[in-house]
Structure formats: structure tokens, C-alpha cells
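Analysis of the macromolecular model
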Amino acid sequence: MRLSWRQTLFLRIEKKNSNPLPGAVNEINLTIGMREIALITLCCILIPFYTFAQSDTDTIPVLQYSEPKDYEIGGIKVIGADFSDDNAIISIAGLQVGDKIRIPGPDIQKGIKALWKLRLFTDVQIIKEKTIGDVIFLEIKVQERPRLSRHSYRGVKKSYHDDLNDEVDKYLLKGGIVTENVKVNASKAIEGFFIGKGYLDTRCRVIELPDSSRINAVQLIFDVDRGNRIKIQDVAFAGNDNIKDRKLAKQMKGTKPKRRLFASSKFIKKDYEEDKEKLIAYYNTQGYRDARIISDSLWREPDGDLMIRLNLEEGNQYYFRDISWKGNSIYDTETLAGVLGIEKGEVYDKELLETRLRFSQDGRDVSTLYMDNGYLFFQVDPIEVAVEGDSIDLEIRIFEGPQATIDKVVIKGNDRTHEHVVRRELRTRPGQKFSRSDIIRSQREIINLGYFNPEALGINTPVNPQRGTVDIEYTVEEKPSDQLELSAGWGGAQRVIGTLGVSFNNFSLRNVLNKEAWKPLPQGDGQRLSLRAQTNGDFYQSYNVSFTEPWLGGKKPNSLTVAAFFNRFAFGRRGTDSYQSFNIRQASLSLGTRLKWPDDNFVSSTAINIQTLTLNNWVRGLFRSDEGEIVQEGNYNNFSIRQTIARSTVNDPIFPKDGARISLSLQLTPPYSLFDKVDDYSEQPARERFRYLEYHKWRFDAEWYTPIVGNLVLKAQAKIGLLGFYNREIGSSPFERFQLGGDGINNQQFGFAGVDIISLRGYEVNELEANRDPSGGTSATPLFDKFTVELRYPLSLNPSSTIYVLAFAQGGNAWREFRDFNPFDVKRSVGAGLRVFLPMFGVLGFDYGIGFDKPGEDRSLQALGDFNIVLGFEPE
């Protein structure tokens, strides 16, 4: 039995009053009102008799609404809540067993409203189950909203589904309640996603269907109509009397009009707003400090394209006049003015002013000057003190503050690399004065270790002003650094070549005997262990092993490298006249140290190499004397010392964005001919004349990296090599020469040991005249140069797979005689390529180069083009 038919009637009328058709509501209200009067009159007469009659036959009394009465709640039952908790519903309704309530009264009404606010139900009723004296038992009847079982899309490609899920998952929850707000928000999110991609007319309709496989469940179908992508027909400017439209349009890089067929053009609101800010920023750099956009208009043309018009007010162009300094005591005005580098009469450029005052990329700013001296609390504020005509006077106010001392240096995130390996690379140490340049240098050194993700490196500097100290926190993220090389390749006449190599770049030798450290190998001490084997049976074998300790002794950055290798080349059947072989054995010891002068970016390395070369009937023609005599028999001893001076400011060894790497090396052998007693070397055969190799070998390598726009990087490179001799009668050594051309991959090209292989994209080795041998083969030369310019753009900087594309222009050449050397006589080529760096496999990629100066009369693209493969390492 319900609490009251009167309450039921009242609720029905109230619901009808919410009808959006006012006329119909008024008519219904009028009809119900007349019936209500009649019913109330009749009830007033009959109720006393009806109540009296029922009292004898029915023990459940009717509630008298004309006389409110207090009841005690004896029990509460919830009906219809299949997915909701009964106790939670009762609690939200505000009703508890034992509570005193008045009927009629506000408690029931409050309970119904509280449940409606949850928006979990389509119907809510609180009714009387029964009464026993002054105790009432209630029932809360609810009808739950449907739950979401799944959702799908219609009208969009599957490639968009993951992105759309990211958008709608903010509002949809599988198994969650489906309300109108949820559906509207999800559809708006889908529309916003496509509008952000230039589909301004996108419309999304939500279709709700019952899911028969589940109880009280529905599925949602988002029916999307993207329409056509809206292109920008033109961007017009008005009011720009001093700066041309073309220059202004260049500043709006994200809002480009279509200029030709298939040109990329789309309108994205966010990019448009950013471009407007860039437009005003450009005006500010030209001295128009008051420039502003008065209004902008956007409208659609009949063909659907978008037109944009910007109304500008340029204002006057201003110039710097007098610049004064206030508050400086550490540095005098002349020093600060020199760092600022702005002269009287220059165009008033706010961006330049801010750059020279705070955090310039090249470190030329006043803030760096102070912060490198420990003044972490330094503040600078340029104030315009006078504006007269087109001139502005500035007063630069400085608060120097106290010097800050480094308190703690904390390293976080190094799960595999031991802390001392990272800490020894840092330039920031407890007790030192704070230095911004030291933090930047420390950041670079951490990245150059190659163990951490450069994109995730974080630096935090919490300050304690009361103590005048600062903590420095470096947060790193480990990345795979070891490499595995497992490959098989075709070596032409030498058949299939198998390669197995491993490089452990973060090895720990001291933990080799510690069983617990083998996870799977002992690591974390920053040592490098490399093992590599390559063979195709009897024809070719190569074995290499090397170990590097970067901090010998653990106190100073003195490196020690020990390496050895054995190469063997053989052709023909052993024991026959056609059999030929070439064996190389080498051991080397290298010591390196970081220099303090001219600065600590310089590194010195000294290496001792002991090498023996054994040739047996080797007629492949690669090794020749200056007179053209083929070196094919004998044992040759190559004992040399190599000294290298290098300077590197590269910030990332995988994909450098700025900095430079320059090295100069000199490799020397003892001048044996000064001590022997030979008068005429021309009478000696090559095997005697070159038994003990003597030469001086020079290499100069330089590369510069410059960021252009965003992640677009320009690389410029120069390489020059020279092999000289002590005794003109002996001439240049047939070994240790250079061979320019091809892809530079010598691992699968035989007979190239004892020679520096230098790639030249767009040209095969035999297409350079100096490399061609009279016998029809190829040989090496004592002199080469090579110059390269590359544009690089990363597709992915993920440390697990760094991918970038490149376009290059290259030129190089080789010479047999020093007198023929001409640095401008180069073989030119252009092309493009792709690089993929995988931590376990190294560098993979390809280049396609077009050589403009190839020999021959065929000038077709097919004849001029050359395809090169990159495997395992970046060729020289």
C-alpha cells in the first residue's frame, strides 16, 4: 500500500508540469484541478465511514495526511537495485532503522531527492510496506539506469580507434552508468578530436542499443561524420604598413593557406592562437613594442574553404637609447654592458633583451655571469624609465643576493649503474659554489655515458634561502646499452659470412666472481668489454677482443684500453700454387686522460700498437709501393705510437643536436732507415724494404652540429688523411693507407685489412681514378679528403629505437701523389638516407646517393645512383 494516493497524484501532476509544451500543461492542470476538487470533497465525506468500516476488518490503518503522525522506522527494504549496494542506497536516503520520522513530513521527500541526485536511477519511490502500531516498515523502489557493456565507432578508420578511445575513456567506463551527460561529453570529445585535425564540420551521433547478452546493459555506437578537411584559402593582413605580408605569413607556421594542389593546409584553433602570439612577438623583435591585433575575422567561402583576416595596429618603431645599471656591486657597469651587447640606436628588441639578461643558449647573458659565480638568488629587472619619441631609456635593476653553496648532490633512478659511475662525471659537488654552467656540463656528461635516456633526464634544484644552500637532484632513467651482433651476409666469391659479437658497455670486472651480480652479467661499473668473431670457414676468419676501464684507479678520468685481434684471409686450396693468404695479428695498449688546458673538453690519448702482417702469394693488388710494385710475399712488422688530441662538446652520442667533435691524430713508427746501413733501397725487393714499416700518418676529423628549427639538425663534417714517409727512397708504406669510396663497411670486404676504409656515398671504390689499379683491381692511396653537409630530422627519439632521416651533400677525392692534392677537386654527390639505432644491434640504415662526377657517358639517374647499406656502425 502506498503512503498516500494524494502524494501519488501530486507527483504525477508535478511531472506533467515539466512538459516542454506550456499549452498542454495548462490544459491538463485545469482538468486535474477540477477532478481533484471533486475527489477531495467526496473523500472528506466518505473517509470517516471508510476508516471506521476497515478498522473492524483490516489491521493495517490508512495514514491520515490531514493529521501528521510520528513513526519509528522498523525496517527498510530496497527493491530493484541489482547493481547498487542496498546499504549505500539506504544511507544516502538518510533513513535508518530506529529513526523517528513524521508522515507526512520532509524526511521522505529529502530521501527521494538525495537518490535522484545520484543520477543512477530512472525512477525512485519510497512506499510503506506495513505499519505495526507506531512502527512503520518502508520500501525503497528504484529502477537503475543501464550499464555500458561496450562501445564502437562507425564512419572512421580503424587507425583512429586507439586515439578516439583515449578521448572517450575520460567519460566512459565499462560497466559504468550511461547517462545523457556521459553520451554528450563523449560525442563532443570525438568531435573535438577531429576538429583539432582540421575537420571543422565533424558531427557525432550517439546510438544506444540494448545488449541482449547482459542484464540492464547497453552498447553505444558513435556514428561519426567527419566531412571534408577544411583548408585555409588565404590569410590576409590589414594595417601592416611597415612589414610585408610575406614576412608575417612566415611567422604563422601552424596556419598556412593552400597555395597549390595537394598543399598541406588545415585550421587548428590551438595553432592559430599560438600563431597570433608569435606574430606579435615578431613585431616586438622589430621594435614595434605596441603592436597588437585589433580584431580577426574568420568566414567560410562558398566552396567551404576558410578565410582569415587579421587587422593589425603596428604602432611606432622604437630604438634603445640610454641603458643604465642599478644595484650591481660584484661586476662593474662596463662588464655588464659588454655581456648585454646592446648599443645605443639599435632596434628595441624585447626578445633580444630578455635573452641577453636571462639564460641565453650560448651562455652569453648576465644571469649566467652571476649564477656561474654562485649567485643563485640573483634577479634582474629591466625598467623603461623614459619613452621619448621613438627612443626608450632603460634602467636595469639588479638584486645580486648572497652566494649559494651546494649542500647535497642526489642521484635517483640508476637501477643498474652504480652511483660512483655517475657521480664521478658530475661537475657539481657538495661545498662548491653554485654554477649553472657546471650543471649544464654535468648533464652533458651523464648523457654521453650512454646508459640513460637523454629525454628523461631531470634536474631539480631545491633551495634553502635561510641557510643559503641549494641541493641538486639528478633523476635518470636507465636504458639498454649493451649490443648483440648476430648476422649472416653474402660476401660475393667468399660466400656466406657469419658474425657473432657482443659489446657490454656497462660491464663490472670486479664483480665477475660474485655470483649474485650475474643478472645476467655483472654490470654497473661503466667498463666496456667487446667480443666479436666473424668467419665463413677457411676463406676468412676474424677475432676481436677489447676491454676499456674509463677511470683507471677510480680517482681521475684516466682510461685504459687493452685490445687484440686476429684476421686471416685465404683463397685457393692449401698446398697448391693458387693458394694465397694474408694474416694480421695485433695487440694494442692505450692510455687516455682528460686535459685541463685549454679547457676540460679536451682529451689526450696515447696508444702503442704492435702488429705483424704475413702475406703468402697475395696477388689481389691492394698493397702497392709508390712505384707500383705489388706487395704479395713476406712478413712485415708494424710497431707504432699514436697520439690523439680531441675535443668534444656533443650533447648526445646517438642523435647529437648541438656541439662539436674535433680530433687530430698522429701515428708514428721509429725511423728505421736512419739506423740501417743500406745505401740503395731501389735494389731491395718490397719484402725487404718494408720489413719494418716506417711512416707518419696524420688524421684530422671534425664535425659540427647546429639546431635549425625544433629537432631539425645541420651536421657539417670534414675528414683529411695523409700518410707520409721519412725516407724518399723507401717511399710511402704500402700498408696503413686510405681507400675512399663505397659504403665503408669493411667487415664483409676481404683484403681491406691494414687500410682505413672511408665511405663516399654515390661512388663505388673503382669509380675514383686514384683507386684504380693497373691490373684491374683496386688499391689504396696515401692522401684523401672528404666534406659532408647533412640535414637530420628524428622520427623517434625513443632510447629503445632512435630513428631519423637525413639528406646529404658530399664531396671527396683521393690522390696518389702529394703534388696532385687539390682540396677543391672533389667528387660530388647528393642523396638521402635513414638510420635506426637499436641498443642491441647498433646502427642500421641505408643511403641512396647520386654521384655527379662518375666516369662514363651514361648520365641517367640509374647510372649515377648508388645504394649503400649501413650495418652495425656508422661508416666513416
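Above this note sits the structure.
These numbers come from a predicted model, not from an experiment. (Residues numbered from 1 in each chain as written. Predicted model: local features only at pLDDT ≥ 70, side-chain atom pairs only at ≥ 80, totals over all residues. Heavy atoms only, no water.)

The next thing to look at is unusual backbone geometry. The omega torsion of the bond from Lys519 to Pro520 falls at -5°, within 30 degrees of zero and hence cis. By secondary structure assignment, the location of Pro520 is in the loop between β19 (496-507) and β20 (527-535). Cis geometry marks the peptide bond from Trp597 to Pro598; its omega dihedral reads 5°. With respect to the element layout, Pro598 can be found in the loop between β23 (580-594) and β24 (602-616). Here the phi dihedral of Asn216 falls at roughly 55°; this positive angle occurs in a residue that is not glycine. We classify Asn216 as partly exposed; its relative accessible area is 28%. For Asn617, which is not a glycine, the phi torsion comes out positive at approximately 55°. Checked against the element boundaries, Asn617 lands in the loop between β24 and β25 (634-648). (Helix = DSSP H or I, 4+ residues; strand = E, 2+ residues; numbered from the N terminus. Buried < 20%, exposed > 50% of the residue type's maximum accessible area, 1.4 Å probe, protein only.)

Our focus in this paragraph is the sheet that holds strand β11 (residues 319-326). Pairing is mixed in the open sheet, where 3 strands are placed in the order β11-β13-β12. Looking at the sheet topology across the chains shown, the edges are occupied by β11 and β12 (379-388). If you compare each strand with its neighbour and ignore which way they point, the axes differ by 25° on average. Looking at chain direction, β11 and strand β13 (residues 391-399) are connected through 6 bridges and run parallel. Bridging across to β13, Trp325 finds its partner in Ile396. In this fold helix α9 (residues 333-340) packs onto β11 and β13, with an angle of close to 140° to the strand it touches most, β11. (Pairing = 2+ DSSP bridges. Axes fitted to C-alpha atoms, helices over the stretch in contact; angles between N-to-C directions. Contact = heavy atoms within 4.5 Å.)

What follows concerns the nonpolar core. Counting 32 residues, the largest nonpolar core has Phe582, Leu613, Leu615, Phe623 and Phe735 as its most contacted members. Sorting the residues of this core by element identifies β22 (558-571), β23, β24, β29 (737-740) and β30 (755-758) as the ones contributing at least two each. Counting residues per element, this core draws most heavily on β30, which supplies 3 residues. (Core = buried A, V, L, I, M, F, W, Y, C linked by side-chain atoms within 4.5 Å.)

The 4 strands are arranged β2-β1-β4-β3 in an open sheet whose pairing can be described as mixed. Edge positions in the open sheet fall to β2 (100-103) and β3 (121-132), since each of these has one partner strand only. Adjacent strand axes in the sheet meet at a mean angle of 45° when their direction is disregarded. In the sheet, strand β1 (residues 69-79) pairs with β2 via 4 bridges, with the strands oriented antiparallel. Bridge pairing links Lys69 to Ile103 in β2. The strands that helix α3 (residues 86-93) touches are β1, β3 and β4 (135-144); relative to β1, the one it contacts most, it runs at about 150°. Strands β2, β3 and β4 of the sheet are contacted by helix α4 (residues 106-117), whose axis makes an angle of about 150° with β3.

The next subject is helix α8 (residues 269-285). Spanning 17 residues, α8 covers 25 Å between terminal C-alpha atoms, matching the ideal 24 Å at 1.5 Å per step. Those residues of α8 not exposed but buried are Tyr272, Asp275, Lys276, Leu279, Ile280, Tyr282, Tyr283, Asn284 and Thr285. Against β8 (232-238), α7 (245-251), β9 (292-300), β10 (306-313) and α10 (350-357) lie the buried residues of α8. Positioned one or two residues after α8, Gly287 has a phi angle of 95°, which is positive. (Expected span 1.5 Å × (residues − 1).)

The next subject is the pattern of salt bridges. Applying the stated criterion across every chain yields a total of 48 salt bridges. Put simply, Glu703 and Arg661 hold a salt bridge, and the shortest N to O gap is 2.2 Å. Of this pair, Glu703 sits in strand β27 (residues 696-709) while Arg661 sits in strand β26 (residues 659-668), placing them 42 residues apart in sequence. Across the salt bridge formed by Asp701 and Arg699, the nearest N and O atoms sit 3.0 Å from each other. (Salt bridge = Lys/Arg side-chain N within 4 Å of Asp/Glu carboxyl O.)

Secondary-structure assignment places Ala716 in strand β28 (residues 712-724). A residue is classified by how much of its surface remains accessible, and Ala716, at 26% relative accessible area, is partly exposed. Through-space distance from the C-alpha of Ala716 to that of Phe787 is 7.8 Å; in sequence the pair is 71 residues apart. For Ala716, the residues in contact, after removing those within four places along its chain, are Ala702, Glu703, Trp704 and Thr788.

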